[in-house]
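# Structural overview for review
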Amino acid sequence: MTESNLHWTGMAVVLAGLAAPPAWAINVEFDNVVYRGNVAPGTGGERFHGVTQAGFDGLDRVMFLGSLSTTFGLDPATDYGVWSQGSMGLKLDVREGDAAPGAPAGSVFADFVSPVRNDADHIAFQGYLTGPAIDASNATGLWAEGGSAAAFLSLVAQQGDLAPLPSTGPRFLTFLDGIQIDSSANVAVRARLSGPGVNSLNDVGIWTGDSAGLQYVAREGETAATFPFDVTYAELNGVGLNRAGQLAISTRLTGPGINSNNDEVLYTGTPGSLEVVARDSDAAPGLAPGVTLGRVLGGSVNNNGTALFQATLAGPGVSNANNNSFWTGTPDGIQLAVREGDAAPGTSDGQNFSDLSSVLFNDAGDIAFRARLTGPGVTADNDFGVWAKKNGTTQLIAREGQAAPGTPTGVVFASLSAEMAFSHQGDTAFTGTVTGPGVTPENDEGLWAVGPGGVLTLIVREGDQIDINDPERPEFFPTVSEVSLAGGQEFNNGKLLIVLNDGAGLVVSRFTGFGQEMPGDFDGSGQVEQADLDLILQNWGVDTDAQGIPAGWLNDLPVGLIEQTELDHVLQNWGATSAPDFRAAVVPEPFCLGWLGLAGCAALSRRR
């Protein structure tokens, strides 16, 4: 093993290059999920060729769309499928060529898009069909498991079906956003319509429900929630669904009193109970008198019902240098999260945010983001950084030009990519490139994350040889030639899904985190205490396999019933604290390496 070619064995390793390593070891562990050439479960011995659209469910289990190698004589009509992790390892959920439930006789799946899974082990996806009764008018559909109709895979809606609406006649033409699923196996769908009376002013709608039937939520041209009857939806631009079944809907309105200064609205809530979180022209709380939200640009809702949205600003003192912002809140009130033009913490006087991107959000309502800087001393070599904000405090995590942890002296960050992840527990990860002594195109890219004590830590770098813990290749240690974050994930409980390319194959590996998680510290506070006992008592007897993980339960995730096992964890560790982490970290100078948390990801597109 050389200094530039670290070999992770899955055991505790203190990474080289940390200027002030903590007293505790930093565990960097990988668990192989799939490697090109692995036997693909459920196929009779065929092998994986590639992986895309990989992500986590709420219990840190991995789901992905996989392709099978055509060198084994496979029919191209059956070379793709959806696999997920279960108690016995990987399992095949559905494959091209399988009969499509609920579709006309003889219909089979020909392709899949955006497979997702909830924390009760139910999958959902958009599928494409082929068969004797399939043509361009009915070739796509949405399928899901669970819900009120059946525990098995069932058709939710198919292209050409009559759309549930206040007036009958229109049919589903196109499903616009794939499908989303909550912990109760209800789905959210945004779709375009065709048929009698449908035109460009009323051709998009939103529905929720399961295979027992969809429920109408909103349609362009219909009365907008909370407004007079003659104010209608002009556009339904997007819909989000959290695990609790709450929606976030981005809209544009039209009607009496509505103009370009007040027509954009973000709603959250449930069908029939949507409420306005933010609207164009609303006062911007906490800013100078007269400053308002100029445009409300989309949004999302976390699992605790708090929304994150982007907004431009208007009013006194607002210019192109400070008119972009991000906010969090509920219908009861919003708070500024970050604004362009504000002073950038952890930097020199006069250095401000000039561009915000990759803004991520967690269940605690915290954010992480990437930003460009402007001001004295800012150059092309140090103008990007990554920050996180928790409990109102924003801290710098990394900046271009800063020494890159885990690398030799003199090696610094050259770029910080938009590929980021931010966990519910407050862990952030990002990919970036480095420059300096010994850096070549073969080792200039890596993945970093904040570990115990708020220490920014190198997880893996191009040129590293790693043990991916592949049971089919126990002595196989691939050399990494490419690193990226898998899409669709929630970076949760210190676990991170990574795509590693060794030049010959594609590895989807799960980074299992740093240090030891304290059993019984269910709320992730760092101490086993009354709040953890309260979580048990409030959720005693809940079946997490069927009902999902209760809100606020972040660490030491329960499997099955919440009962004596969880109580024992609290009683045996009462008053104990976990290894120091960012929550108690002292911020070093000149760059703050402590931080805060959320969930997010970069997306991988499927290429065939």
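Structure: see above.
Quick look at the structure, then.

### Remarks on the overall build of the protein chain
Of regular secondary structure, the protein chain possesses 3 helices and 35 strands. Taking the contacts inside the protein chain whose residues are at least 6 apart along the sequence as the reference set, 49% of them involve residues at least 24 apart. Surface accessibility of the protein chain: about 23,600 Å² in total, with carbon and sulfur atoms responsible for 51%.

### Structural notes on the sheet that holds strand β25 (residues 367–374)
As summarised here, the arrangement of the 4 strands in space is β24-β25-β26-β27, forming an open sheet in which the pairing is antiparallel. Looking at the sheet topology across the chains shown, the edges are occupied by β24 (352–361) and β27 (393–399). When strand polarity is set aside, the average angle formed by the axes of neighbouring strands in this sheet is 30°. Of the pairings in the sheet, the one linking β24 to β25 comprises 7 bridges and is antiparallel in character. Paired with asparagine 352 across the two strands is threonine 374, which belongs to β25.

### Observations concerning the pattern of salt bridges
One pass over the full model with this rule turns up 9 salt bridges. One salt bridge in this structure joins aspartate 93 and lysine 91, with 2.6 Å as the shortest N-O distance. Lysine 91 sits in the partly exposed class, given a relative accessible area of 31%. Between arginine 252 and aspartate 263 there is a salt bridge whose closest N-O contact spans 3.8 Å.

### As for the nonpolar core
With 20 residues, the main nonpolar core has Tyr233, Ile249, Leu253 and Tyr267 as its most contacted residues. Of all the elements in the fold, those that place two or more residues in this core are β14 (204–210), β15 (213–219), β16 (232–241), β17 (247–254) and β18 (264–270). Counting residues per element, this core draws most heavily on β16, which supplies 4 residues.

### Regarding the packing of helix α1 (residues 530–538) against helix α3 (residues 564–572)
Relative to each other, α1 and α3 sit at 165°, their axes nearing to 10 Å. With respect to α3, the axis of α1 lies roughly antiparallel. Between α1 and α3 lies a crossing of left-handed hand. Contact residues: Asp532, Leu533 and Ile536 in α1; Glu566, Leu567 and Val570 in α3. Residues of the contact of α1 with α3, tallied by class, amount to 4 nonpolar, no polar and 2 charged.

### As for the pairing of strand β9 (residues 140–144)
Judged by how many residues are buried, β9 sits mostly within the fold: 5 of 5 residues are covered. Residues Thr140, Leu142 and Ala144 point to one face of β9 and Gly141 and Trp143 to the other, with burial holding for every one of them. Direction of pairing for strand β8 (residues 123–130) relative to β9: antiparallel, over a ladder of 5 bridges. Paired with phenylalanine 125 across the two strands is tryptophan 143, which belongs to β9. Note: β9 against strand β10 (residues 154–158), 4 bridges, orientation antiparallel. Of the residues in β10, the one forming a bridge with glycine 141 is glutamine 158.

### Focus: the environment of glycine 548
Within the fold, glycine 548 resides in the loop between α2 (544–547) and α3. Setting aside residues up to four positions removed in sequence, glycine 548 forms contacts with Asp119, Val542 and Asp543.

### Regarding the side chain of asparagine 324
Tracing the sequence through the fold places asparagine 324 in strand β22 (residues 324–330). A polar side-chain atom of asparagine 324 sits 2.9 Å from a polar atom in the side chain of glutamine 310. Filtering out sequence-adjacent residues up to four positions away, asparagine 324 remains in contact with Gln310, Ala311, Arg339, Glu340 and Leu356.

### Focus on the sheet that holds strand β20 (residues 292–301)
Spatial strand order, β20-β21-β22-β23: 4 strands in an open sheet with antiparallel pairing. The sheet is open, and its two edges are formed by β20 and β23 (333–339), each paired on a single side. Neighbour-to-neighbour, the strand axes of the sheet open up by a mean angle of 30°, direction not taken into account.

### Observations regarding the pairing of β25
Taking burial as the measure, the 8 residues of β25 include 6 buried ones, the bulk of the element. Where β24 folds back on β25, the antiparallel hairpin that results is connected by 5 residues, among which glycine 365 adopts a positive phi of roughly 85°.

### Considerations on α1
The set of residues buried in α1 consists of Asp532, Leu533, Leu535 and Ile536. Considered in projection along α1, the buried side chains sweep an arc of 155° and stay on one side of the axis. Across α1 from its buried face, at more than 90 degrees, point the exposed residues Leu537 and Gln538. Contacts from the buried residues of α1 go to α3.

### Quick notes on the side chain of arginine 117
Within the fold, arginine 117 resides in strand β7 (residues 108–117). Of the residues examined, arginine 117 reaches a relative accessible area of 8% and is grouped as buried. At 2.7 Å, the side chain of arginine 117 forms a polar contact with the side chain of aspartate 121. Filtering out sequence-adjacent residues up to four positions away, arginine 117 remains in contact with Asp57, Arg61, Val62, Met63, Ser84, Gln85, Lys91, His122, Ile123 and Ile181.

### Points about the packing of aromatic side chains
Taken as a whole and assessed by the stated rule, the structure comprises 18 aromatic pairs. The interplanar angle of 15° and the centroid separation of 6.2 Å between the aromatic rings of phenylalanine 64 and tryptophan 83 together place this pair among those described as stacked. Residue phenylalanine 64 is located in strand β4 (residues 62–68), and its partner tryptophan 83 is located in strand β5 (residues 80–86); the two are separated by 19 residues in the primary sequence. Here phenylalanine 64 and tryptophan 83 have matching classes, each one buried. Taken together, a centroid distance of 4.9 Å and an interplanar angle of 75° make the contact between phenylalanine 413 and tryptophan 448 edge-to-face. Placement of the pair is phenylalanine 413 in strand β28 (residues 412–422) and tryptophan 448 in strand β30 (residues 445–450), with a sequence separation of 35 residues. On the basis of relative accessible area, phenylalanine 413 is assigned to the buried category, the value being 1%. Exposure remark for tryptophan 448: the relative accessible area of 0% places this residue in the buried category.

Cut-offs and rules
- Along each chain, the written sequence defines residue order, and numbers are assigned to residues from 1.
- Per-residue local features of the predicted model are confined to residues with pLDDT of at least 70, and side-chain atom pairs are confined, for both listing and counting, to 80 or more; whole-chain, interface and lining totals are unaffected and use all residues.
- For the side-chain quantities, the full set of heavy atoms in the structure was used; hydrogens and water were omitted.
- The helix and strand labels rest on DSSP assignments: H or I over at least four residues marks a helix, E over at least two residues marks a strand, and numbering proceeds from the N terminus.
- Every residue pair with non-hydrogen atoms within 4.5 Å of one another is taken to be in contact.
- A 1.4 Å probe and the Shrake-Rupley method give the accessible areas. Residues count as covered only by the protein chains that appear here.
- Strand pairing is assigned whenever DSSP identifies at least 2 bridges connecting the two strands.
- Convention adopted: a line fitted to C-alpha atoms gives each axis, helices being fitted over their contacting stretch, and angles between N-to-C directions are expressed from 0 to 180 degrees.
- Whenever a carboxyl oxygen of Asp or Glu lies within 4 Å of a side-chain nitrogen of Lys or Arg, that contact is scored as a salt bridge.
- The buried label applies to any residue whose accessible area, calculated with a 1.4 Å probe on protein chains only, is under 20% of its type's maximum; exposed applies above 50%, and partly exposed to all values in between.
- For our purposes a nonpolar core is just a set of buried Ala, Val, Leu, Ile, Met, Phe, Trp, Tyr and Cys residues, chained together by side-chain atoms within 4.5 Å.
- By definition in this entry, angles of less than 35 degrees are roughly parallel, angles greater than 145 are roughly antiparallel, angles of 65 to 115 are roughly perpendicular, and the rest are oblique.
- Throughout, a crossing is termed right-handed when the near helix is turned clockwise from the far one, and left-handed when it is turned anticlockwise from it by less than a right angle.
- In this classification, the charged set is Asp, Glu, Lys and Arg, the nonpolar set is Ala, Val, Leu, Ile, Met, Phe, Trp, Tyr, Cys and Pro, and all remaining amino acids, among them Gly, are polar.
- Polar contacts here mean pairs of N or O atoms no more than 3.5 Å apart (in protein, one a potential hydrogen donor and the other a potential acceptor; neighbouring residues in sequence count only if both atoms are side-chain atoms).
- In this description, one arc is meant: the one made by directions from the helix axis to the C-beta atoms.
- Ring pairs are drawn from Phe, Tyr and Trp, using the six-membered ring of Trp, whenever the two centres fall within 6.5 Å, and their geometry is named by plane angle: stacked under 30 degrees, edge-to-face over 60, tilted for the rest.

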